[in-house]
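# Structural description and commentary
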Amino acid sequence: MTISPRRRRDIIDALRRGTVPQQGLDVLAVGLTRFETALDAELEGVEDGSAGFKAVRGEYGSGKTFFARWLTERAKRANFATAEIQISETETPLHKLETVYRRVVENLATPTTSMGAMQDVVDGWFYFLDQDTGDVGTAASLELLDKRLSEVSKEAPAFAAVLRAYRLAQQSDDAAQAEGLLAWLSGQPHVSASVKRTAGVRGDLDHFGALGFLQGLLTILRDSDYAGLVLVVDEVETLQRMRSDVREKSLNALRQLLDEIDGGRFPGLYLVMTGTPAFFEGQQGVQRLPPLAQRLQTDFQTDARFDNPRAVQIRLSGFTANSLVELGGRVRDIFAAGADDPERIHVVVDDAYITSLAKAVGGELGGRTGVAPRLFLKKLIADVLDRVELFEDFNPRLDYRLTVDPNELSEVERAAHVRGAGGAVGSVDDIDLEL
């Protein structure tokens with residue numbers, strides 16, 4: 001496989017730390033080809049002006065975050081903007097849509113900007129307006145601004161007003177004023193009253209205005225020749241551990257968002273939500289809100305080989321022993337491609353050794369191969385491949401014995417490790433509590 005040195009370094013460094021790489025995931029995408037055709041078709045529909053939604057379910061360690069980043073990377077190649085947010089009670093509560101919108105803008109990425117792309121998107125949009133009017137910096141571009149945001153202004157008139165004020169501040173070379181207005185447009189709190197006064201707005205963005213601002217952002221993206229926005233809402237299973245009133249509000253906010261997508265309010269939006277089976281099926285998750293549960297209902301009683309990738313909800317089955325070995329082989333090849341002696345890497349860390357290491361890591365986790373990839377790849381790189389490259393006389397078959405420290409494990413990996421040692425600790429999400 002041919003990848004750039006920087007891309008190779010980013011992949012290896014992330015896996016060595018035990019995290020999911022931010023890019024280059026296509027070379028690590030084992031077992032995801034069955035989704036490609038359906039997802040590409042759905043993204044094409046969004047590009048044509050529709051909206052889409054996909055729920056992704058999988059146990060901890062099954063690769064939900066990897067899947068989400070693989071999808072956003074794939075979407076960027078199709079000229080989509082993307083944003084990934086993690087739901088949490090303190091940082092990003094789902095029921096506070098103004099906070100969700102703010103996180104979307106903070107994590108907004110485009111094919112050329114990895115994060116924080118809001119200013120580039122807005123400035124690019126004004127460039128397109130100037131091109132369409134045939135002039136630069138005239139009243140004609142502001143008139144076209146009002147026309148293109150007319151639908152958005154019905155729901156969120158402040159969005160167009162602040163964009164207009166931002167444009168005027170730019171033309172006046174008032175960088176501080178423009179920066180403040182863009183911050184307010186991005187949902188940031190604590191923007192000075194004097195900045196907001198120039199645009200005729202007061203206060204901060206609230207829950208009710210957030211969806212209108214999302215609609216405005218989609219309009220800007222579409223008019224700037226982006227294919228749309230792929231928005232990943234990750235770790236929604238955390239709702240199960242929140243107070244019952246917060247959980248109910250959050251589920252209602254999710255239902256509202258899906259209703260708006262179905263109602264055609266957000267052309268150009270592809271929403272992806274990830275969660276555990278317990279969230280979709282347990283009494284502390286989706287099942288607490290029957291209209292939402294009905295919307296997400298998908299048949300998973302049939303053999304997984306016949307899962308429908310076009311369904312509203314898809315499942316990730318996690319890694320098997322064979323797919324884990326395949327993944328290890330790909331990582332070994334990527335590592336070797338940047339090594340001083342690639343042949344030595346391939347000879348010492350051959351497929352047979354990778355198979356034995358994968359089996360050993362799975363054994364430490366109670367045979368739960370599905371939750372083993374993160375730890376397996378971390379061990380493969382940091383404990384084996386690095387040493388093979390650094391020390392000429394290092395032979396992992398003779399000089400290395402797998403050890404697993406509980407401090408290096410995630411919560412789910414730790415529970416699996418305890419079970420592997422004869423304990424009986426399960427996941428916190430296996431317990432239904434009425435709070």
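What counts, and at which threshold
- Note on numbering: residues in each chain are counted from 1, in written sequence order.
- The model is predicted, so local features are restricted to residues of pLDDT at least 70 and side-chain atom pairs to those at 80 or more, both for listing and for counting; the totals for chains, interfaces and linings are taken over all residues.
- Water and hydrogen atoms were dropped before computing side-chain values, which therefore reflect all heavy atoms in the structure.
- Relative accessibility under 20% of the residue-type maximum defines a buried residue, over 50% an exposed one, and the middle range a partly exposed one, all with a 1.4 Å probe and only protein chains included.
- For helices the rule is a DSSP run of H or I covering at least 4 residues; for strands it is a run of E covering at least 2, with both sets numbered from the N terminus onward.
- In this description, contact between two residues means that some pair of their heavy atoms is separated by no more than 4.5 Å.
- Working convention: axes come from line fits to C-alpha atoms, limited for helices to the stretch in contact. Angles between N-to-C directions cover 0 to 180 degrees.
- Any angle between 65 and 115 degrees counts as roughly perpendicular, while under 35 counts as roughly parallel, over 145 as roughly antiparallel, and the rest as oblique.
- For any helix crossing, the convention is left-handed if the near helix is rotated counterclockwise from the far helix by under a right angle, and right-handed if that rotation is clockwise.
- When residue character is reported, Ala, Val, Leu, Ile, Met, Phe, Trp, Tyr, Cys and Pro are called nonpolar, Asp, Glu, Lys and Arg charged, and the others, Gly included, polar.
- Only the six-membered ring of Trp is used, alongside the rings of Phe and Tyr, when aromatic pairs are assigned; centres must lie within 6.5 Å, and planes under 30 degrees apart are stacked while those over 60 apart are edge-to-face, with the rest tilted.
- Between the first and last residue of a helix there are one fewer steps than residues, each counted as 1.5 Å, and that sum is the expected span.
- For every residue, the pLDDT score states the predictor's confidence, bounded by 0 at the bottom and 100 at the top.

Let us now look at helix H9 (residues 175-185). Turning to H9, its buried residues number three or more, namely Gln 177, Ala 178, Gly 180, Leu 181, Leu 182, Trp 184 and Leu 185. Structurally, H9 contributes buried residues whose contacts are with helix H4 (97-106), helix H5 (118-133), helix H8 (157-171), helix H10 (193-199) and helix H11 (207-223). Remark: Gly 187 follows H9 within two positions and exhibits a positive phi of approximately 85°.

Quick look at the packing of helix H17 (residues 351-364) against helix H18 (residues 373-390) now. Where H17 meets H18, the closest approach of the two axes is 10 Å, and the angle between their N-to-C directions is 125°. In terms of orientation, H17 lies oblique with respect to H18. Crossing geometry of H17 relative to H18 is assigned as right-handed. Counting all contacts with H17, which are made through Tyr 353, Ile 354, Leu 357, Ala 358 and Val 361, the residues of H18 involved are Leu 375, Phe 376, Leu 380 and Val 384. For the contact of H17 with H18, the per-class residue count stands at nine nonpolar, no polar and no charged.

Counted by the stated rule, this structure contains nine aromatic pairs. Between Tyr 101 and Phe 213 the ring centres are 5.8 Å apart and the planes differ by 85°, which places this aromatic pair in the edge-to-face class. A residue pair is termed long-range when its members are at least 10 positions apart, and Tyr 101 in helix H4 and Phe 213 in helix H11 qualify at 112 residues. Of the two residues, Tyr 101 and Phe 213, both sit in the buried class.

It is the contact of H5 with H8, at a shortest axis distance of 12 Å, that shows an interaxial angle of 80°. Considering their axes alone, H5 and H8 lie roughly perpendicular with respect to each other. Of the residues in H8, those touching H5 at Gln 119, Val 122, Asp 123, Trp 125, Phe 126 and Asp 130 are Leu 163, Tyr 166, Arg 167 and Gln 170. Partitioning the contact of H5 with H8 into residue classes produces five nonpolar, two polar and three charged.

Moving on, we come to helix H3 (residues 64-77). Taking 1.5 Å per residue, 14 residues should reach 20 Å; H3 reaches 20 Å between its end C-alpha atoms and fits that length. The element H3 is extensively covered by neighbouring structure, given that eleven of its 14 residues are classed as buried. Asn 79 lies just past H3 and shows a positive phi near 70°.

This part covers the confidence of the model for the protein. For the protein, the average pLDDT comes to 87, and 91% of its residues sit at 70 or higher. Scored below 50 in pLDDT, residues 424-435 makes 23 contacts in the model with residues more than four places away or belonging to other chains.

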